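So you can see what is in the structure, the chains are spelled out below.
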Amino acid sequence: MPSTMTHWQRIRAAIAGQPTDRPPISLWRHWPNADETALGLAYGTLFWQREYDFDLVKVTPASGTLHADWGTKSTYVPNPHGTRTTLRRVVRSPEAWPELPVLDPREGCLGRQVEAVRIIAEELEDTVPVLQTIFSPLTTAWKLAGDRMLADLRRHPDLLKKGLQVVAETTADLAVASAEAGATGMFFATQCDTYRLMTEDQYHEFGETYDRVVLDAVRDQVEIIMMHAHGEDIMFDLLAGYPIDAINWHDRMAGPSLAEAREHFSGMLVGGISEWTTLLDGPAEAIAAEIEDAVAQAGGRAHMVGAGCVVPITAPHAHIRVARDAVETIRTR
């Protein structure tokens, strides 16, 4: 039975908790080496979308370039994630935080990400939501300093906050510039909202305070904000209280499960596929069964089938195809 809704209709209905003709689905990955230019990142993203016709396009910049304009250095060493390895961090003392400059998101590496969005949005002509990846200010601070950020959070909080304010302003400007370039949504990623790094009070003070600078700046500029919580032992309820439309996390690997999350968040849940086991290893029957289970856990509403994070670049094409085709056989109305 053919699908009867457009990508936009399906995503809007899912966010609103309304019936859809089938479950929406989206998967995303890195494009190592190609993602070092705007055109390369755009080409990879467009190839992926034209190959699989997902319901949502998430632009995934090279992991090291979003903070490179502050002076960090990274390189690509082949790995299944497709991510870059940091070679040099820029914050080496507490006194360096107030010295960080506010960056222009239309120049340098940040400008490259904005240009990639512009190319992608122009090519897709608003047939599908396009979300720019934006990292939370505290996550970026961690990339700039490494674990010394956690020490400064406890020992030099005032200096760290001065740096976080600069990072938040730059991040907000990047989000707005991306929207102006054609992004219709923001994929807002945090790697710090975990009890393994800090308490909820600490995240409220050093994370949420600056997250909301970004959220406040872009909320009226985009239609969709999807929160991504990376890692294990996440503060799910804290993020669920943000002004967001969707939330994505490692539901299979770390929890909470989709069924548990349904009790705490009324927007669109995004997940259900284990990218490092089922999607990577198969077989096809296991992939389809995992998707059916995910839809059932979410109650067939307000849910988009997705992975917990980026799909491994080594995931077989046949497995991605199985996942994409599986939703066509599921009716949620």
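In this report, the structure presented in the accompanying data block is examined. A quick note: this is a predicted structure, and the numbers were derived from the prediction, not measured.

Cut-off values and rules
Here the residue numbers are simple positions, counted from 1 along each chain's written sequence. Local features are withheld for residues below a pLDDT of 70 in this predicted model, meaning they are given only at 70 or higher, and side-chain atom pairs are given and counted only at 80 or more; totals for whole chains, interfaces and linings count all residues. The basis for every side-chain value is the complete set of non-hydrogen atoms in the structure, without hydrogens or water. In this analysis, the protein atoms alone were mapped onto a 1 Å grid. Cavities are point sets where a 1.4 Å probe fits without being able to get out; pockets are open sets with protein on both sides within 12 Å along at least five of seven lines; lining residues have an atom within 4 Å of a point. Grid points are joined across faces, edges and corners, and a volume is the space filled by probe spheres set on the points. For the purposes of this entry, the term helix denotes a DSSP run of H or I that reaches at least four residues, the term strand denotes a run of E that reaches at least two, and both are numbered from the N terminus. In this description, a line fitted to the C-alpha atoms serves as the axis of each element, helices being fitted only across the stretch in contact, and the angle between N-to-C directions of two axes falls anywhere from 0 to 180 degrees. Under this scheme an angle from 65 to 115 degrees is roughly perpendicular, one under 35 degrees roughly parallel, and one over 145 degrees roughly antiparallel; angles in between are oblique. The sense of a crossing depends on the near helix, which, turned anticlockwise from the far helix by less than a right angle, makes the crossing left-handed and, turned clockwise, makes it right-handed. Residues are treated as being in contact if the distance between any of their heavy atoms lies within 4.5 Å. The residue classification treats Ala, Val, Leu, Ile, Met, Phe, Trp, Tyr, Cys and Pro as nonpolar and Asp, Glu, Lys and Arg as charged. All others, Gly included, are polar. DSSP-based pairing: two strands are paired if at least 2 bridges between them are found.

**Some remarks on the layout of surface pockets**
So, step 1. Roughly 620 Å³ of volume is contained in the largest pocket.
So, step 2. Lining the largest pocket are 33 residues, with Ser-63, Thr-83, Lys-143, Gln-191 and His-230 sitting closest to its centre.
So, step 3. At the level of secondary structure, the elements contributing two or more residues to the lining of the largest pocket comprise β4 (130-135), α4 (137-145) and β5 (185-190).

**Digging into the packing of helix α6 (residues 157-181) against helix α7 (residues 200-218)**
So, step 1. Viewed as axis vectors pointing N to C, α6 and α7 meet at an angle of 25 degrees, and their least axial separation amounts to 9 Å. Taken together, the axis directions place α6 and α7 in an arrangement best described as roughly parallel. The crossing of α6 and α7 is right-handed. Seen from α6, the contacting residues are Pro-157, Leu-160, Lys-161, Leu-164, Gln-165, Ala-168, Thr-171, Ala-172, Ala-175 and Val-176; seen from α7, they are Glu-205, Phe-206, Tyr-210, Val-213, Val-214, Ala-217 and Val-218.
So, step 2. Residues that form the contact of α6 with α7 fall into these classes: 13 nonpolar, two polar and two charged.

**Focus: the sheet that holds β4**
So, step 1. Ordered in space as β1-β4-β5-β6-β7-β8-β9, the seven strands form an open sheet in which the pairing is parallel. The open sheet has two edge strands with one neighbour each: β1 (57-59) and β9 (303-307). Averaged over all neighbouring strand pairs, the angle between strand axes comes to 30 degrees, with direction disregarded.
So, step 2. Bridge count between β5 and strand β6 (residues 224-229): six bridges; the pairing is parallel. Bridge assignment links Met-186 to a residue of β6, and that residue is Ile-225.
So, step 3. Running at roughly 165 degrees to β4, helix α3 (residues 108-124) makes contact with β1 and β4 of the sheet.

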